[in-house]
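# Understanding the architecture of this molecule
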Amino acid sequence: MFPAPVSTRLLAAVGLVVSVAACSSAPTAGTPDTFSVWDPYPQFTAESEWVRTIEKCGAEAGVKIQRQAYDTTDLTSKVLLAAQQRTAPHVLVVDNPVVSTLVEAGVLKPNSEAGLDAGQVSPNLVAAGTVDGQTYGVPIGANTLALYYNKAVLAGAGVDPASIKDWESLNAALAKVKAAGKKGITFSAIGTEEGSFQFLPWFWGAGASLTDLPSGKAALELWKSWLDNGYAPNSVVGNTQTTSWQEFATGEYAFAENGTWQLGNAKKAGFEYGVIPIPGRTGGTAPAPTGGEFVTVPVQDNKDTEAKAGRIASCLTAPDKVLAADTALTYISAVPSVQQQQVSAQPELTVWVEAVKNAKGRTGDNLGTRYPRISQPLWGAVQAALTGAKAPEAALRDAQASVK
């Protein structure tokens, strides 16, 4: 699932939630017989592999599970309110950029106290849940971005996808595609978190830092050049990742920047496709942002309840359980040994495993809740540059000045 926006409205809500640990009452008499699990997967019914996995983990812990699913954005606000009312779920599956928001609000237990262990998970994925040296929760899996390509369009333009190693070779390929009468590349540059999410591989691939937005000048100039040269359509300014995929699905485009969540649609597109990593400016695989959720343990009044919730959360992310869950969620596993099982079963996932290995958490580098305050000016700068309202350098300079 594509990670939903980290709303500044939700950040404001953090101020309404005082530390749950500070306002806890005396422990209750005992642990409950039924444990609540909240997740952001309303599309999965009781018969799904995901829900069966939750129930198995509950049974192993000796409790019944009451599962509640919400849309991603709704889930965060409901958890903040529930924590304030001291009715937080026992186990919470939450979008990775929101972890730092909930930590700041005092909602989550650190792994060292909840009995969770993220030691088997790739360090770059754990980083999204690490705040001031403490880790909160364990990633259940990850998705990220790469470049889908239409094999027939590239063949008709005389382009070998294996030749695309950096921005220069990608630009050369786009020029050949245009000369052959086809369309080049589509992506999402909409003025929301989706726009920032899609821009970040190019931004980071240029060696830029989110604490210095003007350092991404080369990446924004690249995107602007694609519109100016007719390699990308003007519609990217309003494209979501869904609408940009719909453009690619017409069969007219050579490339589309999109995520693992489109694999099912790619198989239904009616033409042969392939996937390559997003190249860095001078070569290599650009770091793309990670999507996906962390399994966490919210603060409870009873320590024994927290401990049992920790066992359920540990079960959900255990290597022998997580493969089924990741398959159901169309995720690349966060555990390297499980990633290899996925590749053995589906060799086409090799590119995605490589992309996930090079990915970065948006709230990483200890940005935490500062990330949304940076992302919003960033997507505004992208919009301003692509519409011609400002030159790329000026747009990023103004964005930096507006970061609070």
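Residues numbered from 1 in each chain as written. Predicted model: local features only at pLDDT ≥ 70, side-chain atom pairs only at ≥ 80, totals over all residues. Heavy atoms only, no water.

The cut-off we apply is this: UniProt positions are given in the numbering used here, feature names are shortened, and annotations may be inferred rather than shown by experiment.
The protein chain has the name Carbohydrate ABC transporter substrate-binding protein (CUT1 family) in an unreviewed UniProt entry, where Lentzea atacamensis is given as its organism. In its Sequence similarities (unreviewed entry) section, the UniProt record describing the protein chain reads: "Belongs to the bacterial solute-binding protein 1 family."

### Some details on the pattern of salt bridges
Short version of the rule: The working definition used for a salt bridge is a side-chain nitrogen of Lys or Arg within 4 Å of a carboxyl oxygen of Asp or Glu. Helix and strand definitions here come from DSSP, where helices need a minimum of 4 consecutive H or I residues and strands a minimum of 2 consecutive E residues; each element is numbered from the N-terminal end. Type-normalised accessible area, obtained with a 1.4 Å probe on protein chains alone, sets the label of each residue: buried when under 20%, exposed when over 50%, and partly exposed for intermediate values.
Following the criterion strictly, the structure yields 16 salt bridges and no others. One salt bridge in this structure joins lysine 303 and glutamate 306, with 3.7 Å as the shortest N-O distance. Of this pair, lysine 303 and glutamate 306 both sit in helix α14 (residues 303-316), separated by three residues, roughly a single helical turn. Assessed through its relative accessible area of 3%, glutamate 306 is described here as buried. For aspartate 365, the salt bridge goes to lysine 360, with nearest N and O atoms at 3.5 Å. On the basis of relative accessible area, lysine 360 is assigned to the partly exposed category, the value being 26%. Ionic contacts of the salt-bridge type, sharing partners, join the residues Lys109, Glu113, Lys303 and Glu306 into one network.

### Considerations on unusual backbone geometry
One non-glycine residue with positive phi stands out, namely arginine 86, at about 60°. One can find arginine 86 in the loop between α4 (72-84) and β3 (91-95). Here the phi dihedral of aspartate 365 falls at roughly 60°; this positive angle occurs in a residue that is not glycine. Counting through the fold element by element, aspartate 365 comes out in the loop between α17 (350-357) and α18 (371-386).

### Brief notes about empty space enclosed by the protein
Once rolled over the atoms, a probe with the size of a water molecule shows which space is left empty. Under the convention used in this document: Grid points spaced at 1 Å and placed over the protein atoms alone form the basis of the search, with a cavity being a set where a 1.4 Å probe fits but cannot get out and a pocket an open set showing protein on both sides within 12 Å along at least five of seven lines. Lining residues have an atom within 4 Å of a point. Grid points are joined across faces, edges and corners, and a volume is the space filled by probe spheres set on the points. In this count, Pro and Cys sit with the nonpolar residues alongside Ala, Val, Leu, Ile, Met, Phe, Trp and Tyr, while Asp, Glu, Lys and Arg are called charged and the others, Gly among them, polar.
In this structure the tally under the stated criterion is one cavity of 30 Å³ or more. One number sums up the size of the largest cavity: a volume of about 60 Å³. As for the largest cavity, its lining consists of Asn96, Leu125, Ala128, Pro139, Gly141, Ala142, Thr290, Gly291, Gly292, Glu293 and Phe294. Here the residues of the lining of the largest cavity are counted per class, giving five nonpolar, five polar and one charged.

### Observations concerning the packing of aromatic side chains
The cut-off we apply is this: Each Phe, Tyr or Trp ring (for Trp, its six-membered ring) is paired with any other whose centre lies within 6.5 Å, and the angle between the two planes then decides the class: stacked below 30 degrees, edge-to-face above 60, tilted in between. Counted as over-ring charges are cases with an Arg CZ or a Lys NZ within 6 Å of the ring centre that also lie within 35 degrees of the ring normal.
In this structure the tally under the stated criterion is 15 aromatic pairs. For the ring pair tryptophan 38 and tyrosine 70, a centre distance of 5.2 Å and an interplane angle of 65° mean the geometry is edge-to-face. Residue tryptophan 38 is located in strand β1 (residues 34-39), and its partner tyrosine 70 is located in the loop between β2 (64-69) and α4; the two are separated by 32 residues in the primary sequence. Residues tryptophan 38 and tyrosine 70 agree in their burial class; the two are buried. Taken together, Trp167, Phe187, Phe199, Trp202, Phe203, Trp223 and Trp226 form an aromatic cluster joined through their ring pairs. Geometry around tryptophan 204 places lysine 360 over its ring, the cationic atom sitting 4.5 Å from the centre.

### Topic: the packing of helix α9 (residues 167-179) against helix α11 (residues 217-228)
For clarity, the threshold we go by: Whenever a helix is involved, its axis is fitted only over the stretch in contact; in every case the axis is a line through C-alpha atoms, and angles between N-to-C directions fall within 0 to 180 degrees. With respect to orientation, any angle under 35 degrees is reported as roughly parallel, any angle over 145 as roughly antiparallel, any angle of 65 to 115 as roughly perpendicular, and every other angle as oblique. Contacts were defined at the residue level, with two residues in contact if any of their heavy atoms lie within 4.5 Å.
Running from N to C, α9 and α11 cross one another at 5°; their axes reach a closest spacing of 12 Å. Looking at the two axes, α9 sits roughly parallel to α11. Only Ala218, Ala219, Leu222 and Trp226 of α11 make contact with α9, whose side of the interface consists of Trp167, Leu170, Asn171 and Leu174.

### Examining helix α12 (residues 241-248)
The condition is simple: Starting at the helix axis, one direction is taken to each C-beta atom, and the arc is that of these directions. Distance and chemistry together define a polar contact, namely a pair of N or O atoms within 3.5 Å, with one atom able to donate a hydrogen and the other to accept it when in protein, and with adjacent residues in sequence counting only for side-chain atoms on both sides.
Of the positions making up α12, those classed as buried are Gln241, Ser244, Trp245, Glu247 and Phe248. Along the axis of α12, the buried positions cluster into a sector of 155°, meaning they face one direction only. Against the buried residues of α12 lie β7 (145-150), β8 (183-186), α10 (193-205), β9 (253-259) and α13 (263-267). Of the residues flanking the start of α12, the one acting as N-cap is threonine 240, its side-chain oxygen 3.2 Å from the backbone nitrogen of threonine 242.

### Things to note about the nonpolar core
Heads up, the rule is: Here the nonpolar core consists of buried residues drawn from Ala, Val, Leu, Ile, Met, Phe, Trp, Tyr and Cys, with membership extended through side-chain atoms lying within 4.5 Å.
Counting 55 residues, the largest nonpolar core has Phe187, Trp202, Leu210, Trp223, Trp226 and Phe255 as the members making the most contacts within it. Contributions of two or more residues to this core are made by β7, α8 (151-156), α9, α10, α11, β9, α18 and α19 (392-402). Of all the elements, α18 adds the most residues to this core, at eight residues. By size, the runner-up hydrophobic cluster in this structure holds 52 residues, among which are Val37, Val91, Leu263 and Val338.

### Comments concerning the sheet that holds strand β10 (residues 273-276)
Counted only if it meets this: Here, a strand pair is defined by DSSP locating no fewer than two bridges between the strands.
Pairing is mixed in the open sheet, where four strands are placed in the order β8-β9-β7-β10. In the strand order of this sheet, the two ends are held by β8 and β10, each with one partner. Across the sheet, the mean angle from the axis of one strand to that of its neighbour is 20°, orientation sign disregarded. Inspection of the sheet shows β7 paired to β10 by four bridges, in the antiparallel sense. Across the sheet, asparagine 150 pairs through a bridge with tyrosine 273, a residue of β10.

### Overview of the sheet that holds β1
Within a sheet, neighbouring strands are paired by backbone hydrogen bonds and run either parallel or antiparallel to one another. One open sheet accounts for five strands, arranged β2-β1-β3-β11-β6; its pairing is mixed. The two strands at the open ends of the sheet, each matched to only one other strand, are β2 and β6 (138-139). Judged from the four bridges that link them, β3 and strand β11 (residues 293-296) form a sheet pairing that is antiparallel. Bridge pairing links valine 93 to valine 295 in β11. With respect to the sheet, helix α3 (residues 49-61) is in contact with β1, β2 and β3, its orientation differing from that of β2 by roughly 145°.

### Quick look at the side chain of glutamate 247
So the rule is basically this: By the counting scheme adopted, Arg and Lys are positive, Glu and Asp are negative, and His together with the chain ends is not counted.
Turning to its location among the elements, glutamate 247 is positioned in helix α12. Lysine 183 provides the closest opposite charge to the buried, salt-bridge-free glutamate 247, at an N-O distance of 7.5 Å. What glutamate 247 contacts, discounting residues up to four positions off in sequence, is Thr186, Pro233, Ser235, Asn239 and Tyr253.

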